[in-house]
Amino acid sequence: MAMLEVRDIHTYYGNIHALKGVTLEVNQGEIVTLIGANGAGKTTTLRTISGLLHPRQGSISLDGEDITACPAHELVYRGIAMVPEGRGVFAKMSVQENLEMGAYHRSDRPGISADMERVFTLFPRLRERRRQVAGTLSGGEQQMLATGRALMSKPRLLLMDEPSMGLAPILVEGIFDTIQAINKEGTTVLLVEQNALMALSIASRGYVLQTGQIVLTDQAEKLKKNEMVQKAYLGIE
Amino acid sequence: MFRRTLSRLSWVDLFLRAFQLVAAVVIIIGLVNTFTTARYTSGQWATLVFSGLAQGSIYALIALGYTLVYGILLMINFAHGEVYMAGAFSTVFLAIHFARTGFLARSPLIAIVILILFSAAISTTIAVLLERIAYRPLRNAPRLIPLITAIGASFALQYTFRGLYGTQFRAYPDIAVLKGTWNILGFDVPLVQLVVFLAALGLMVVLYWYVERTRAGKAMRAVSEDKAVARLMGIDIDKVIVSTFALGGALAGAAGVFNGLYRPQGVFFLMGFFPGIKAFTAAVLGGIGNIPGAMMGGLLLGLIESLGPNSVLEGLGIPATNQLKDAIAFIMLVLILIFRPQGIFGERLAEKKA
Ligand SMILES: Nc1ncnc2c1ncn2[C@@H]1O[C@H](COP(=O)(O)OP(=O)(O)O)[C@@H](O)[C@H]1O
Ligand SMILES: [Mg+2]
């Protein structure tokens, strides 16, 4: 049984049929990537898994338990955290308060302090700026904060939506190194990326999403060599 | 095409600038006239300042209710004046009862605290019911819809309380210990004003601490910034919204008792209208959605209302200026909305996303 099982979900925005039967699985300990063009439905998939949207059809289960109708704020308690597209830091709150919000559902103070220490070790920049208002951080720092905030919830499954978006290439490498480090410490990762080459280099498996449907899935190494993937997502003719 | 809109815009601009200038000149002429003729003594001015601060602190407490709800839902709860009325009107009966039994004279402090808690409880209940029944079903409706509902809810509440308690004015009983004055810097300040001002200030400090420092307060700020991300943090936004209405209601309820102690006119079922709209003005003045702004806006409006008639209007030779008090708030509301809709301390409204 996979940790996360998404079975044939159909998600709508009003009348817009955004996901037309998406099926995917993520096993404990994996990094799985979901790639696809702009508007393919990657963000919608993550929002549906995290409970911000609910599918009209299909089911989602975590550790074998059905979570299809579970509201977003309860899924945090079950170990799902998301780094949203565009980072979504609370701009008017301080770095420290943002991190505290990540641990909102927890009450083990010593554990929270220890995890904040761990985030500060992972991202020393955040320690320097802990009292600063998040809106004044650079894009790279905001991405660190959004990632750190997600880690504060002690997630077992981390959903990341285009963490490299809008960042300088030098920072992008850092982000991918961090994702690998987080994964090595035991967190399962479902990674959505436009930067397909980077994503496929750190993932074990990948799914290709096209206009709301999964059109291809394979080992990451094999996807990198796939002709269709090379043409459409890796810019290789 | 583009040229034309540009030139039209600049005409409007020009008109507004001219209007601003004229308003400033008129105010200055009024002030100069008043102070060169030395109509009032400094003691009289001090009296106006103190009563302005006391009244202003009551506006501030009500204004916080508008601003808290706006911060979370981007919605003006126009029934908030009735939330205030509900507490003040219901509590007058308990106050009269306390006066009859002599409890109010024997232990005024305890009695007043009980009155405040009672009024806050009533107003909180009404505010929470309002959210549940009138606003929650419309949370995803276009913004005009809850606004209209608020006005309907306002009438419904007014006439419910009219049905419950009748159309008569009821006055809060006199409290002997509040009758005295206190000497501050050589000026005699009525004790009741001092008590109202300090108690209101105390509540505002507690609110500020709650929003800035507590876990629930931080969750409230998170929801006001981004609801979807707040949910991803495990925050149940329905609970936060209810608690925001409850908090605003509690402050309005307390303000209702302060008003009863401070003003002898009495309470009745339409009493919420003026304070409601004035507190709304105060909230807009401070920048709607901004908590310290609502506090400062309330105090400022109280002072302007108190000092304005004697300092500016009389200097302009306008008769019976004190009857224009209520007009001042409305004129200010219009002027702020035209010239500085984001308020004095406010950020631009457009920056906030729905
Ligand atoms: N809030 C929304 N309302 C209506 N349609 C939306 C909304 N968000 C996304 N869509 C549509 O759903 C489809 C999938 O979008 P999205 O999941 O954001 O794609 P991706 O993340 O892969 O770029 C697109 O066609 C997009 O236009
Ligand atoms: Mg997207």
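These numbers come from a predicted model, not from an experiment. Numbers given for residues are sequential positions, taken from 1 along each chain in its written order. Chains and ligands are labelled sequentially in the order written, the chains with letters from A and the ligands with numbers from 1. Under the rules for a predicted model, residues below a pLDDT of 70 receive no local features and side-chain atom pairs below 80 are neither given nor counted, while totals for whole chains, interfaces and linings still include all residues.

### Digging into helix H4 (residues 109–122) of chain A
Residues and elements named next belong to chain A.
- Numbering of helices and strands runs from the N terminus, with a helix taken as a DSSP run of H or I at least four residues long and a strand as a DSSP run of E at least two residues long. Take the residue count of a helix, subtract one, and multiply by 1.5 Å to get its expected span. With 14 residues, H4 extends 20 Å from end C-alpha to end C-alpha; this agrees with the ideal 20 Å at 1.5 Å per step.
- All buried positions along H4 are accounted for by Asp 115, Met 116 and Val 119. Within H4, the buried residues cover an arc of 105° as seen down the axis, which keeps them to one side. The exposed residues of H4 that point more than 90 degrees off its buried face are Pro 110, Ser 113, Ala 114, Glu 117 and Thr 121.
- Each element contacted by the buried residues of H4 is listed here: helix H3 (95–102), helix H5 (124–128) and helix H6 (139–151). The burial label depends on the number of other C-beta atoms within 10 Å of a residue's C-beta. Counts of 20 or more mean buried, 12 or fewer mean exposed, and intermediate counts mean partly exposed, with C-beta atoms placed from the backbone. Working definition: the arc comes from the directions between the helix axis and the C-beta atoms, pointing outward to the latter. Throughout, a residue-residue contact means that the two C-beta atoms, derived from backbone geometry, are no farther apart than 7 Å.

### Focus: the domain arrangement of chain A
Residues and elements named next belong to chain A.
- Considered domain by domain, chain A is made up of domain 1 (4–79 + 155–233) and domain 2 (92–154).
- For every domain, the bounds stem from an assignment made automatically or drawn from a database. A C-alpha centroid distance of 23 Å is found between domain 1 and domain 2.
- The element contributing the most residues to the side of domain 1 that touches domain 2 is helix H7 (residues 169–184), with 4 residues.
- Basically, the charged four are Asp, Glu, Lys and Arg, the nonpolar ten are Ala, Val, Leu, Ile, Met, Phe, Trp, Tyr, Cys and Pro, and anything else, Gly included, counts as polar. Of the residues assigned to the side of domain 1 that touches domain 2, the class counts are 9 nonpolar, 2 polar and no charged.

### Section: the pairing of strand E2 (residues 187–190) of chain B
Residue and element names in this part refer to chain B.
- Any two strands with at least two DSSP-identified bridges between them are counted as paired. Sheet topology note: the strand E1 (residues 181–184)/E2 ladder contains 4 bridges and is antiparallel. By the bridge assignment, Thr 181 is partnered in E2 with Pro 190.
- A loop of 2 residues connects E1 with E2, the two strands running antiparallel in sequence, and Leu 185 in this loop sits at a positive phi of about 50°.

### Some words on the sheet that holds strand E2 (residues 16–26) of chain A
Residue and element names in this part refer to chain A.
- One open sheet accounts for 4 strands, arranged E2-E1-E4-E5; its pairing is antiparallel. Two strands lie at the open edges of the sheet, namely E2 and strand E5 (65–66), each paired on one side alone.
- Summarising the sheet, strand E1 (residues 4–13) and E2 pair through 8 bridges and their orientation is antiparallel. Within E2, the position partnered with Ile 9 by the bridge is Val 22.
- Packed onto the sheet, helix H1 (residues 42–49) meets E1, E2 and strand E4 (57–62) and runs at close to 70° relative to E2. Every axis corresponds to a line fitted to the C-alpha atoms, with the helix fit spanning only the stretch in contact, and the corresponding angles, defined between N-to-C directions, vary from 0 to 180 degrees.

### A look at the pairing of strand E7 (residues 157–161) of chain A
Residue and element names in this part refer to chain A.
- Taken across its 5 residues, E7 has 5 buried, putting it largely inside the fold.
- Of the pairings in the sheet, the one linking strand E6 (residues 80–83) to E7 comprises 4 bridges and is parallel in character. Considered in E7, the bridge of Ile 80 is made with Leu 157.
- In this structure, E7 lies alongside strand E8 (residues 188–193), joined through 5 bridges in parallel fashion. Residue pairing in the sheet places Leu 159 in a bridge with Leu 190 of E8.
- Handedness of the β-α-β unit built from E7, H7 and E8 comes out right-handed. Looking down the strands as they point away from you, a crossover is right-handed if its path from the first strand over the helix to the second goes clockwise.

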